[in-house]
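# Observations on chain architecture
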Amino acid sequence: MNSSILIDISQLRIGMYIQLDLGWMHHPFPVSSFRVASAEQIATLRELGLTEVRYVPKKSDPDLRELALPPVGSPQEAPPADAPGAAREATAPAPLAVPSDPAVDEAAARRRRLLEAQNRALAQCNQRFGEATRRYVALEKVVVDHPERARTEGEVLVAGCVSDLLNNGDSVIRLLSEGVGEPGALHPVNVLVVSLLLGKALGMKAEDLQDLGVAALIHDVGKMRLPDAFKNVQAHMPAPDRARYEGHVRESVALAGRMGLGKPVLLAIAQHHEMVDGSGFPMRLTAADLSRPGQVLALVNHYDRLCSPGSGMGGLTPHEALSVIFAQHKARFDAVVLGAFIRMMGVYPPGSIVQLVNDRYAIVASVNSSRPLRPKVIVHDPRVPKDEAPILDLETVPELGIRRSLKPAQLPREALDYLSPRKRICYFFERAVAPVPDEGGA
């Protein structure tokens, strides 16, 4: 436990680690606990009207830890015993007043606007992902009897995603809310979204992205002809059951052919379980035989399965899934495709549970591939209601970084309830740089 003491604002020095006893809306700093890095920060703290701050010696710079700083209310600073209220003030520091400085009020108003914009962006991503899952369900219902209608449904859905992806500049991969979308369509739509992001990162053009997206969307459509017990691979599956499961690839290709889709789409679907080292199925192909869309689809499909509870492959956290792919399965995937995927997802993909260097717990909300070590996170802060928790961009807080990744079971109960780790990870894309609300509103 890191003990803290209240010190007078005049004793504050650069290098001290402090905790502000103020709500998030009442100060301009991105976090409420931090190491003081500049004289400007000290000046800002004084401008807030603070007379004292909470100082944590053990987390401060080593040369400051041994300073003899009398805490506020210590005997050498205590008023005479006969002074009015002396006994009360000696046992409890005076509460901090909520600052009423106009600059602080404006900072709070701006934060509210940013929070509203943040919530709108998430709601839009949730809505678009949910709509995509509903359209996939509609496609699946008509694909056998009306394959041409299913083709139109799929192509229109993918074309909209490709257009948005190419016309909105750089995009980031965004973690969605728990429970979004139709349960039976989460995997195909998730694979669609991540495949398009990876295809774009690899420099694919619009036409190639369209083919990749359609293949990603319907790569498992053949599973609708399988009993539920055979829809996911299981460890130690008997050979006949395994063969029946692997047959979904052939069924998916056959349905795609009936839809009248082109060769690039059929090829990618046929290869979505093939691996460059020949360990995949059903044809045991190697790198020389695989198309680029097939390689992309195989990697994204594998990652999503690792993150999916009940898939027979894990239910791992995103960080664990990426670590397993890199450390144990690297030989199965093309090096260029895997490298682009890791850069895009970041070291800690969205949905990862992490502990920051200041010991706070957080969940990764989004990752920009240009800054893979500095994702945006939602931090557990008991002073802020969970539905008002801001997204903190670690790029803007150089002194704050990620110490380690955690399993949800390693979180304290209050942090687990606050961060609500997703049992099923779902993603969508959003603009890398969202418009900043102006001074007049959101």
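Above this text sits the structure in question.
This write-up is about the structure you can find in this document. Predicted model only: the values in this text are computed from it and were never measured.

## With respect to the overall build of the chain
Regarding its fold elements, the chain presents twelve helices and eleven strands. Across the 442 residues of the chain, 49% fall into the buried class. Counting contacts in the chain only where the partners sit at least 6 residues apart, residues at least 24 apart contribute 69% of the total. In the structure as shown, the chain presents an accessible area of about 20500 Å², 54% of it carried by carbon and sulfur atoms.

## Here we look at the nonpolar core
One finds Leu12, Ile18, Leu45, Leu198, Leu217, Ile218 and Phe341 to be the most contacted residues of the largest nonpolar core, which totals 110 residues. Counting residues per element, this core draws most heavily on helix H5 (residues 186-201), at nine residues. Apart from the residues within four sequence positions on either side, Leu12 is in contact with Ile7, Ile18, Val36, Ile42, Leu45 and Val53. Counting five residues, the second-largest nonpolar core is a separate cluster that includes Val233, Tyr245, Val249 and Phe281.

## Examining H5
An α-helical turn contains 3.6 residues, so any two residues separated by three or four positions project in the same direction. In this model H5 runs 23 Å from its N-terminal to its C-terminal C-alpha over 16 residues, within 8% of the 22 Å that 1.5 Å per residue would give. Among the 16 residues in H5, 14 count as buried, and that is most of the element. After H5 finishes, the residue Gly203 shows a positive phi value of roughly 85°.

## Brief notes about the sheet that holds strand S3 (residues 33-35)
Taken in spatial order, the four strands of this open sheet run S1-S4-S2-S3, and their pairing is antiparallel. Edge positions in the open sheet fall to strand S1 (5-8) and S3, since each of these has one partner strand only. Between one strand and the next, the sheet's axes are offset by a mean angle of 40°, whatever the strand orientation. Sheet analysis places strand S2 (residues 17-19) next to strand S4 (residues 52-55), joined by two bridges and oriented antiparallel. What sits directly across from Ile18, in S4, is Tyr55.

## A closer look at the environment of Ala229
One can find Ala229 in the loop between helix H6 (206-218) and helix H7 (239-258). Residues Ala229 and Tyr245, 16 residues apart in the sequence, show an inter-C-alpha distance of 9.1 Å.

## Here we look at unusual backbone geometry
Look at the link from Phe281 to Pro282: it is a cis peptide, with omega at 5°. The topology assignment puts Pro282 in the loop between helix H8 (263-270) and helix H9 (292-306). Positioned with a positive phi, Arg284 is a non-glycine residue whose angle comes to about 55°. Residue position: Arg284 is located in the loop between H8 and H9. Of the residues examined, Arg284 reaches a relative accessible area of 45% and is grouped as partly exposed.

## Let's talk about the packing of H9 against helix H10 (residues 318-328)
For any two helices packed against each other, the geometry is given by the interaxial angle and the distance between the axes. Look at H9 against H10: their axes get within 9 Å of each other, and the N-to-C directions meet at 130°. Classed by the angle they form, the pair H9 and H10 counts as oblique. Of the two elements, H9 crosses H10, and the hand of that crossing is right-handed. Taking contact as the criterion, the partners of Leu299, His302, Tyr303 and Leu306 in H9 are, on H10, Pro318, Ala321, Leu322, Val324 and Ile325.

## Overview of the packing of aromatic side chains
Taken as a whole and judged by the stated rule, the model has three aromatic pairs. The side chain of Arg244 reaches across the aromatic face of Phe230, ending 4.6 Å from its centre. Here the guanidinium or amino end of Lys330 rests over the ring plane of Phe326, the centre of that ring lying 4.1 Å away.

## Structural notes on the pairing of strand S7 (residues 361-367)
For S7, the buried fraction is high: seven of the seven residues fall into the buried class. Strand direction decides the pairing type here: strand S5 (residues 171-175) and S7, joined by two bridges, are antiparallel. Pairing of Ile173 across the sheet is with Val367, part of S7. The loop that links strand S6 (residues 353-356) with its antiparallel partner S7 comprises four residues; one of these, Asp359, has a positive phi angle of about 80°. Pairing of S7 with strand S8 (residues 376-379) involves four bridges; the strand directions are antiparallel. Of the residues in S8, the one forming a bridge with Ser366 is Lys376.

Conventions we followed
- Per-chain numbering applies: the sequence of each chain, read as written, is numbered from 1 onward.
- The predicted origin of the model limits local features to residues at a pLDDT of at least 70 and limits the giving and counting of side-chain atom pairs to 80 or more, whereas totals for whole chains, interfaces and linings rest on all residues.
- Heavy atoms from the whole structure form the basis of all side-chain values; hydrogens and water molecules are not counted.
- In DSSP terms, a helix is any run of H or I states spanning at least four residues, a strand is any run of E spanning at least two, and both are numbered starting from the N terminus.
- Remark: exposure states derive from per-residue accessible area (1.4 Å probe, protein chains only) relative to the maximum for the residue type, with buried under 20%, exposed over 50%, and partly exposed in between.
- Note on definitions: a residue-residue contact is assigned when non-hydrogen atoms from the two residues lie within 4.5 Å.
- To be clear on the numbers: accessible area is Shrake-Rupley with a 1.4 Å probe, and residue cover counts the displayed protein chains and nothing else.
- Residues belong to one nonpolar core when they are buried, are Ala, Val, Leu, Ile, Met, Phe, Trp, Tyr or Cys, and are joined through side-chain atoms within 4.5 Å.
- A helix's residues, less one, multiplied by 1.5 Å, set its expected span.
- In this scheme, strands are said to pair when DSSP sees at least two bridges between them.
- In this analysis an axis means a line fitted to C-alpha atoms, helices contributing only their contacting stretch, and an angle means the value between N-to-C directions, from 0 to 180 degrees.
- An angle counts as roughly parallel when it lies under 35 degrees, as roughly antiparallel when it exceeds 145, as roughly perpendicular when it falls between 65 and 115, and as oblique in every other case.
- Two helices that cross are described as forming a left-handed crossing if the nearer one is turned anticlockwise from the farther one by less than a right angle, and a right-handed crossing if clockwise.
- Whether two aromatic rings pair depends on their centres lying within 6.5 Å, for rings of Phe, Tyr and Trp, where Trp uses its six-membered ring; planes under 30 degrees apart make the pair stacked, over 60 edge-to-face, and the rest tilted.
- Only lysine NZ and arginine CZ atoms are considered, and such an atom sits over a ring when it is within 6 Å of the ring centre and within 35 degrees of the ring normal.

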